[in-house]
Amino acid sequence: MPMLLLAGPAAEPWTVTDLKSFLRVEHDADDAVIASLLTAARAQIEAWTGKMLLAQRWRLVLDAWPRDGRIVLRGGPLRSLIAVRSYDERGYTHSVDLDSFVLDLAGGVIASPPWALPEPEPAVAGIELDLELGYGTAPDDVPAPLRHAVRTLVAQWYDNRGGAADAGAALLPGGVAGMIAFYRAVAL
């Protein structure tokens, strides 16, 4: 199930001003660096946990409707279903009524009886679901451990910028693994 980013978050979990205070940076020369590290750290925490921190729009592309009628998202948390389309043999899109679906926001499940949905004609990528994922629209909507993990990553990367990469660079730095452990998606 490929997921395509349509629109990233309107804000980040922290402001550059907040991070400068945390980092004890008193000059403005590194503002662009800190902003870049902030975006990268948020994206890294999202990748490690499979959770979108702030509201973002994504497109889920399917070849066919699941036989049991349940689409279980790998990312989340699910906030809303924005639009559903299927394609016909000529490549024209057809909107699917959103009332055909039941959303389990807590479980990240979108359900509908498969016989009630139009079967796409192309065998590949014939269905698109536009979703909003994330904990909320404001930084305070993000669980505190995840916000702190972002801030800790920014600090780690800021303090070690420009240095030679070491063997541990790809691992979660000090304490971040513990901060996000509860939020990580476990695949069996």
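See the structure above.
Residues numbered from 1 in each chain as written. Predicted model: local features only at pLDDT ≥ 70, side-chain atom pairs only at ≥ 80, totals over all residues. Heavy atoms only, no water.

Trainee: Would you explain the sheet that holds strand β7 (residues 109-111) in this entry?
Mentor: Backbone-to-backbone hydrogen bonds pair the strands of a sheet. The strands run either parallel or antiparallel. With respect to topology, 3 strands assemble into an open sheet ordered β3-β7-β6, the strand pairing being antiparallel. Here the strands that pair on one side only, and so sit at the sheet edges, are β3 (70-72) and β6 (102-104). Direction aside, the axes of adjacent strands within the sheet are offset by 15 degrees on average. (Pairing = 2+ DSSP bridges. Helix = DSSP H or I, 4+ residues; strand = E, 2+ residues; numbered from the N terminus. Axes fitted to C-alpha atoms, helices over the stretch in contact; angles between N-to-C directions.)

Trainee: Explanation requested: the packing of aromatic side chains in the structure shown.
Mentor: How two aromatic rings sit relative to each other is set out by the distance from centre to centre and by the angle between their planes. Counted under the stated rule, the structure contains 2 aromatic pairs. Ring geometry for tryptophan 65 against phenylalanine 101: centres 6.0 Å apart, planes inclined by 45 degrees, an arrangement best described as tilted. Here phenylalanine 101 lies in the loop between β5 (93-95) and β6 and tryptophan 65 lies in the loop between β2 (56-62) and β3, a separation of 36 residues in the sequence. The same class applies to tryptophan 65 and to phenylalanine 101, which are both buried. Consider the rings of phenylalanine 182 and tyrosine 183, whose centres lie 5.2 Å apart with planes at 90 degrees: the pair is edge-to-face. Using a relative accessible area of 15% as the deciding quantity, one classes tyrosine 183 as buried. Just above the ring of tryptophan 14 sits the side chain of arginine 147; from NZ or CZ to the centre is 3.8 Å. Its end group placed over the ring of phenylalanine 22, arginine 151 keeps NZ or CZ at 4.4 Å from the ring centre. (Phe/Tyr/Trp six-rings, centres within 6.5 Å; stacked < 30°, edge-to-face > 60°. Buried < 20%, exposed > 50% of the residue type's maximum accessible area, 1.4 Å probe, protein only. Lys NZ or Arg CZ within 6 Å of the ring centre and 35° of its normal.)

Trainee: Would you mind showing me how to read the pairing of strand β8 (residues 127-133) here?
Mentor: For a regular strand, side-chain orientation follows a simple rule: the groups alternate between the two sheet faces. The buried fraction of β8 amounts to 7 of the 7 residues, a majority that puts the element mostly inside the structure. Burial of the side chains of β8 extends over both faces: Ile127, Leu129, Leu131 and Leu133 are buried on one face and Glu128, Asp130 and Glu132 on the other. Judged from the 7 bridges that link them, β2 and β8 form a sheet pairing that is antiparallel. Each bridged residue has a counterpart across the sheet, and for glutamine 56 the counterpart in β8 is leucine 133.

Worth remembering: the numbers are spatial, not functional.
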